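Fold and contact review
What follows is each chain in one-letter form.
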Amino acid sequence: MPPTTHRLAFERPIYDLEERLAKLEAATPKTPAIDDEIHRLRREITDLRRKIFGNLEPWQTVQLARHPDRPMTTDYLALVFDEFYELHGDKSFGDDRAIRTGFAKLDQYKVMVVGHQKGKTLKERNACFFGCAHPEGYRKAISKMKMAAKYGVPVICFIDTPGAYPGISAEERGQAQWIANAMFEMSRLPTPIICIVIGEGGSGGALGIGVGDKVATLEHAYYSVISPEGCAGILWKSHTFAEQAAKALKMTGKDLLRLGVIDDVIEEPLGGAHRDHHSMAARMKMYLIRNLRELLSKPRESLTDSRYEKFRKMGVFFEDGVLHAPAGMT
Amino acid sequence: MSTGEQELGNSQAKVRPKRGVPEGLWKRCPGCEQTIFRKAVEDRMGVCPECDYHWYVSAGDRIKQLLDDGTFEEWDVNLTAGDPLEFNDKKPYSERVKSEQKRTGMKDAIITGHGMIRARRVAIGVTDSAFIMGSMGSVVGERLTRLIERATQQNLPLIIVSASGGGARMHEGILSLMQMAKVSAALARYDLAGGLYISVLTNPTMGGVAASFASLGDVIFAEPRALIGFAGPRTIQATIRIELPKGFQTSEFLLEHGFVDRIVRRHDLKSEIARTIDYCGK
């Protein structure tokens, strides 16, 4: 993997130590003293990573979730799956590059992958609108999922979007309509669906491909009703309060579990997925295979029933003064 | 109407109209900017006699307008918001809810129940933009879901009138977002059971409400000149930095682009709903 170009402020002490280590490792000849120092530094780096990444603020998680070197859908397609056979057509308007869809092979399983793509180069990012999908993206996603269900193929969704595209063309083509349709159809799709928030889970644009039997987020991903900047803009009339907003919105793994909206948090390699795509991919593969095996063993009818019940239970309210809340909260 | 009133009104023409029902004998019409005798507006279901502008109506008044007298029975009245995030936006969310309850006389941004429309029994839900901008949190999501489930069990036509500028309610965070999936899933089951769902879009219907139940009607009506869309005009403006076209995100814009079946004036809403129910044999 090429060295990281985008270094977050809180990662700096780690990079400093790594640079010292690299210098020592390059030194020739190596004296026993240098060897000792190398060992000591390696331990120190691991300890430091544990310390920093074990105590992240929500805003730091948001920064990691948006890190340009973070593995994207296309990275997982390359590293987790044996083959990706892309299908482009929404059969109505155009090919939305912000959502990729196609068949893929994962060990012995044939699956349909639907995933947001933010883009790696400036050119690709522009073509993908930085991962902000248009209505045709959601239309393409539904049509591929329905086809998958028809042939008994399970669906895997990778969610990674700041939000659905806010623009004139998107409104003209029915952004609200197609996000609504996507949730509506996913909720009753007679095939297993696994949804994983791999980076940003931005509002309706994320949920549009987020109604599944298993919903997980990566350790340093977020999932929120509104971007921290958007929330800050409304509450404090300034985007500069995004840090506070990120905290207030309870948008990271532990809180999402407690609120009962996700099933699992998938651990990332120490130091974040952006530092080690391969071991992240290995963890992803294990998670997917384990859950595919479990979901495929269930009868189809019970699958859509339990998916319904899963979302049916979400919410916190009082009825006649009695609190209704997920088990994690009471 | 007196010229004096008109002059006074014109000098205030740029002032943003207040939500809710203003006090006094006269009302300023945001449509034609005329000052209108309040009673004349009220007698016409909150529609301007001069320019046909459709004013805000509360969920309670809407139900009175749509249902046959004395037929409405409310469901799930005793649901109130929790504060799962312990959210504090200038004031704590739990206090905000209490003050909104006091101000509007509602428990949350929705009323649900059943009643008759020209002697046809229906399940009906109406959101109210006066209560935290009509936004959907857990209470709105839960009441709608129960409404849809009962409509499914009792084989009733379903009417949902949306007046929600706030979309998914920020104060309940991700749980509000998930109400979109919950309500949409209930509608998907209702659809499989053969139910007829008429969605009525009124000013405003935005964000997570537009992107869930409001857009999922078998038939979608919109009141004239309502603001309807996914992203707010200001968000779009900030993203693309060009002037938005005139009439963008209005009912008429949606009709033109194929996302609304009919634009229906408030006076005709009841009869058009009844007519649609009859066509579908419900």
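These numbers come from a predicted model, not from an experiment.

**A closer look at the overall build of chain B**
- When its secondary structure is counted, chain B shows 10 helices and 13 strands.
- For 282 residues, the compact-globule estimate of 2.2 N^0.38 gives 19 Å, and chain B sits close to it at 19 Å.
- Projected onto its principal axes, the C-alpha coordinates of chain B cover approximately 60 × 45 × 40 Å.
- A total of 282 residues make up chain B; the buried ones form 56% of that total.
- Considering only contacts within chain B whose residues lie at least 6 apart along the sequence, 68% involve residues at least 24 apart.
- Total accessible area on chain B stands at roughly 11,900 Å², and carbon and sulfur atoms take up 50% of it.
- The averaged location of the 34 negative side-chain charges in chain B is 2 Å from the averaged location of its 37 positive side-chain charges.

**Description of the interface of chain B and chain A**
- Counting residues at the interface gives 60 residues for chain B and 51 residues for chain A.
- Summing both sides of the interface, chain B and chain A together bury roughly 4,700 Å²; the carbon and sulfur share of this comes to 69%.
- One can count 5 salt bridges joining chain B with chain A.
- A salt bridge links Asp305 of chain A to Arg189 of chain B, with the nearest nitrogen and oxygen atoms 2.9 Å apart.
- Inspection of the chain B/chain A interface yields 17 residue pairs in polar contact (both at pLDDT 80 or more).
- Residue assignment for the side of chain B that touches chain A shows that the elements contributing at least two residues are strand 4 (79-81), helix 5 (138-153), helix 6 (173-192) and helix 8 (233-240) of chain B.
- The biggest single contributor to the side of chain B that touches chain A is helix 6 of chain B, with 18 residues.
- Residues that form the side of chain B that touches chain A fall into these classes: 33 nonpolar, 16 polar and 11 charged.

**Focus: the sheet that holds strand 4 of chain B**
- Pairing is antiparallel across the open sheet formed by 3 strands, whose spatial order is 10(A)-9(A)-4(B). Two strands close off the open sheet at either side, each with one partner strand: strand 10 (322-324) of chain A together with strand 4 of chain B. Ignoring which end each strand starts from, the neighbouring axes of this sheet average 35° apart.
- Note that strand 9 (residues 317-319) of chain A and strand 10 of chain A share 3 bridges and pair antiparallel. Its bridge partner being in strand 10 of chain A, Glu319 of chain A is matched across the sheet by Val322 of chain A.
- Of the strands in this sheet, strand 9 of chain A together with strand 4 of chain B are in contact with helix 5 of chain B, which crosses strand 4 of chain B at around 155°.

**Let's talk about the packing of aromatic side chains**
- Throughout the structure, instances matching the rule amount to 8 aromatic pairs over all chains.
- Ring plane angle 65° and centroid distance 6.1 Å describe the contact between Phe10 of chain A and Phe53 of chain A, whose orientation is recorded as edge-to-face. Residue Phe10 of chain A is located in the segment before helix 1 (12-26), and its partner Phe53 of chain A is located in helix 2 (residues 32-54); the two are separated by 43 residues in the primary sequence.
- Where Tyr76 of chain A meets Phe158 of chain A, the ring centres are 5.5 Å apart and the plane angle is 25°; that geometry is what we call stacked. Remark: Phe158 of chain A occurs in strand 4 (residues 155-161) and Tyr76 of chain A occurs in helix 4 (residues 73-80); sequence separation between them is 82 residues. You'll find Tyr76 of chain A and Phe158 of chain A in the same group, each marked buried.
- Taken together through their ring pairs, the aromatic side chains of Tyr76, Phe81 and Phe158 of chain A make up a single cluster.
- A cation sits over an aromatic face here: Arg7 of chain A above Tyr15 of chain A, 4.2 Å from the ring centre.
- Residue placement shows Arg189 of chain B over the ring face of Tyr308 of chain A; its charged tip is 3.8 Å from the ring centre.

**Description of the domain arrangement of chain B**
Residues and elements named next belong to chain B.
- According to the domain assignment, chain B consists of domain 1 (20-55) and domain 2 (57-279).
- Between the C-alpha centres of domain 1 and domain 2 the distance comes to 23 Å.
- Domain 1 puts 10 residues into the contact, and the matching count from domain 2 is 9 residues.
- A combined buried area of about 910 Å² lies between domain 1 and domain 2, and 47% of that area is made up of carbon and sulfur atoms.

**Some details on the packing of helix 8 (residues 175-187) of chain A against helix 6 of chain B**
- Their axes nearest at 8 Å, the elements helix 8 of chain A and helix 6 of chain B cross at an angle of 65°. Two packed elements cross with a definite hand, and for helix 8 of chain A against helix 6 of chain B that hand is right-handed. Contact residues: Met183, Phe184 and Ser187 of chain A in helix 8 of chain A; Met180, Ala181, Ser184, Ala185, Leu187, Ala188 and Asp191 of chain B in helix 6 of chain B.
- For the contact of helix 8 of chain A with helix 6 of chain B, the per-class residue count stands at 7 nonpolar, 2 polar and 1 charged.

Rules used throughout
Residues numbered from 1 in each chain as written. Chains lettered and ligands numbered in written order. Predicted model: local features only at pLDDT ≥ 70, side-chain atom pairs only at ≥ 80, totals over all residues. Heavy atoms only, no water. Helix = DSSP H or I, 4+ residues; strand = E, 2+ residues; numbered from the N terminus. Rg over C-alpha atoms; globule rule 2.2 N^0.38 Å. Buried < 20%, exposed > 50% of the residue type's maximum accessible area, 1.4 Å probe, protein only. Contact = heavy atoms within 4.5 Å. Areas by Shrake-Rupley, 256 points an atom, 1.4 Å probe, with all protein chains shown as cover. Lys, Arg positive; Asp, Glu negative; His and termini not counted. Charge placed at Lys NZ, Arg CZ, Asp CG, Glu CD. Buried area = accessible area lost by both parts, 1.4 Å probe. Salt bridge = Lys/Arg side-chain N within 4 Å of Asp/Glu carboxyl O. Polar contact = N/O pair within 3.5 Å; in protein donor to acceptor, adjacent residues only side chain to side chain. Nonpolar A, V, L, I, M, F, W, Y, C, P; charged D, E, K, R; others polar. Pairing = 2+ DSSP bridges. Axes fitted to C-alpha atoms, helices over the stretch in contact; angles between N-to-C directions. Phe/Tyr/Trp six-rings, centres within 6.5 Å; stacked < 30°, edge-to-face > 60°. Lys NZ or Arg CZ within 6 Å of the ring centre and 35° of its normal. Domains from an automatic or database assignment. Left-handed = near helix turned anticlockwise from the far one by under 90°.

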